[in-house]
Amino acid sequence: AAAGLCPCRALLARCGGALRALCGSVRGLAAGPATHFGFQTVTEAERREKIYQVFESVAKKYDVMNDSMTLGIHRVWKDILMHKMNPSPGTLLLDVAGGTGDIAFRFINYVRSVRERQLQRKLKHHQNLSWQEISESYQEDKSKSLGNSQVVVCDINKEMLKVGKQKAQHLGYSEGLSWVLGNAEELPFDDDKFDVYTIAFGIRNVTRIDL
Ligand SMILES: C[S@@+](CC[C@H](N)C(=O)[O-])C[C@H]1O[C@@H](n2cnc3c(N)ncnc32)[C@H](O)[C@@H]1O
């Protein structure tokens, strides 16, 4: 490409090219190695940014899109997941990439129903108690409808969490539920804090699953 230029300009053109290549690789090193986003080759940092932007822009429509794109089948898959998990009252769940809370709400419903069945059985076995004793014990148990179970929804995207929290408020979920802004690649929790870890439709969005 430098053919036909005077020697000084040819040298400058070469230096410029080398400098640009060097800057490119320094930037690449800072942003991590190359990876893919769809058909594009991007740096890891660019991939994370693009994924963030996708969920930021669809957060408000995410649930509707999920239903329409899977014809509602994601609901069945999530129900199957919960039945396989079969959590009992007291189970601590970390739902990573938990988005708008679908797994967390199912977890709460499931544990509540197990707890309710446990209470019914307990009442059956206490037939010698007075009505007052039964009522007091029932009220006490009822106030802890999850029996100390907790679910933490951890997601990197503020907008997804915001929609999830609004949904939880609207549907009346609060006991045992918390929302944490965090990255699956560097979870902000101590080891061995949870009994179960789930990540539903999220692993493909995590750039470095080996971390
Ligand atoms: C397809 S949605 C799944 C949401 C939910 N689990 C569900 O099944 O409906 C993927 C979620 O992964 C989150 N996400 C992407 N990269 C993440 C990361 N590195 N750490 C935590 N969450 C991440 C997105 O913000 C998004 O909420």
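Residues numbered from 1 in each chain as written. Predicted model: local features only at pLDDT ≥ 70, side-chain atom pairs only at ≥ 80, totals over all residues. Heavy atoms only, no water.

Peer 1: I'm lost on the packing of helix α3 (residues 62-70) against helix α4 (residues 73-85) in this one. Help?
Peer 2: Packed helices, taken two at a time, are described by the angle their axes make and the gap between the axes. Between α3 and α4, whose axes approach to 7 Å, the crossing angle comes to 100 degrees. Regarding the angle of α3 to α4, the classification is roughly perpendicular. For the pair α3 and α4, contact is made by Asn66, Asp67 and Thr70 and by Ile73, His74, Arg75 and Lys78, respectively. (Axes fitted to C-alpha atoms, helices over the stretch in contact; angles between N-to-C directions. Helix = DSSP H or I, 4+ residues; strand = E, 2+ residues; numbered from the N terminus. Parallel < 35°, antiparallel > 145°, perpendicular 65-115°, else oblique. Contact = heavy atoms within 4.5 Å.)

Peer 1: What should I look at first to understand the sheet that holds strand β3 (residues 92-96) in this one?
Peer 2: Consider a sheet: its strands pair through backbone hydrogen bonds, and that pairing is either parallel or antiparallel. Strand order in the open sheet made by the four strands is β5-β4-β3-β6, with parallel pairing throughout. Two strands in the sheet have a free side with no partner beyond their single neighbour: β5 (177-181) and β6 (196-199). Ignoring strand direction, the axes of neighbouring strands in this sheet form an average angle of 20 degrees. Where strand β4 (residues 150-155) lies against β5, five bridges are found, and the strand directions are parallel. Its bridge partner lying in β5, Val151 is registered against Leu177. Relative to β4, helix α5 (residues 102-125) is tilted by about 175 degrees, and along the sheet it contacts β3, β4, β5 and β6. Each of β4 and β5 touches helix α7 (residues 158-171); the most contacted strand, β5, lies at about 165 degrees to it. (Pairing = 2+ DSSP bridges.)

Peer 1: Explain the layout of surface pockets here, please?
Peer 2: Any space left empty among the atoms is revealed by the rolling of a water-sized probe across them. Each pocket or cavity is described by its volume, and for the largest pocket that value is around 480 Å³. Taken together, 32 residues form the lining of the largest pocket, with Phe55, Ala97, Asp155, Ile156 and Asn205 sitting closest to its centre. Elements represented by at least two residues in the lining of the largest pocket include exactly α2 (44-58), α3, β3, α5 and β4. Among the elements that take part in the lining of the largest pocket, α2 stands out by supplying five residues, more than any other. (1 Å grid on protein atoms, 1.4 Å probe; cavity = no way out; pocket = protein on both sides within 12 Å on 5 of 7 lines; lining within 4 Å. Points joined across faces, edges and corners; volume = space filled by probe spheres on them.)

Peer 1: Which parts of the structure should I look at to understand a nonpolar patch on the surface?
Peer 2: Taken together, the side chains of Leu71, Ile73, Val76, Trp77, Ile80 and Phe201 present a nonpolar region at the surface, about 600 Å² in accessible area. Along the chain, the position of Ile80 falls in helix α4. Look at Ile80 and you get partly exposed, because its relative accessible area is 42%. (Patch = residues over 30% accessible without salt bridge, like charges linked within 9 Å, V, L, I, M, F, W, Y side chains within 5 Å. Areas by Shrake-Rupley, 256 points an atom, 1.4 Å probe, with all protein chains shown as cover. Salt bridge = Lys/Arg side-chain N within 4 Å of Asp/Glu carboxyl O. Buried < 20%, exposed > 50% of the residue type's maximum accessible area, 1.4 Å probe, protein only.)

Peer 1: Looking at this structure, I do not really get the environment of Met82. What am I missing?
Peer 2: With respect to the secondary-structure elements, Met82 resides in helix α4. The exposure class of Met82 is buried, given its relative accessible area of 2%. Sequence separation between Met82 and Ile103 is 21 residues, and the spatial gap between their C-alpha atoms is 7.9 Å. If we ignore the near neighbours within four places in the chain, the residues touching Met82 are Pro87, Ile103, Arg106, Phe107 and Tyr110.

Peer 1: I'm lost on α5 in this one. Help?
Peer 2: Since the α-helix advances by 3.6 residues per turn, residues separated by three or four positions end up pointing in the same direction. When the terminal C-alpha atoms of α5 are compared, their 35 Å separation across 24 residues agrees well with the 34 Å that a helix rising 1.5 Å per residue should span. Taken together, the buried positions of α5 are Asp102, Ile103, Ala104, Phe105, Arg106, Phe107, Ile108, Tyr110, Val111, Val114, Arg115 and Leu119. (Expected span 1.5 Å × (residues − 1).)

Peer 1: Help me out: how do you make sense of the site of the ligand in this one?
Peer 2: Lining the immediate environment of the ligand, one finds 18 residues, of which Ala97, Asp155, Asn183, Ala184 and Ala200 sit closest. Within the side chain of Asn183, a nitrogen or oxygen atom sits 2.8 Å from a nitrogen atom of the ligand. In the model, a nitrogen atom of the ligand is placed 2.8 Å from a nitrogen or oxygen of the Ala200 main chain. Expressed as a share of its isolated accessible area of 600 Å², the protein-covered part of the ligand is 97%. Among the detected pockets, the ligand sits in the largest pocket. Of all the secondary structure elements, the ones that give two or more residues to the shell around the ligand are α2 and α3. (Near = heavy atom within 4 Å. Polar contact = N/O pair within 3.5 Å; in protein donor to acceptor, adjacent residues only side chain to side chain. Sits in = over half its atoms within 2 Å of the grid points.)

Don't take any of this as a statement about function, it's just geometry.
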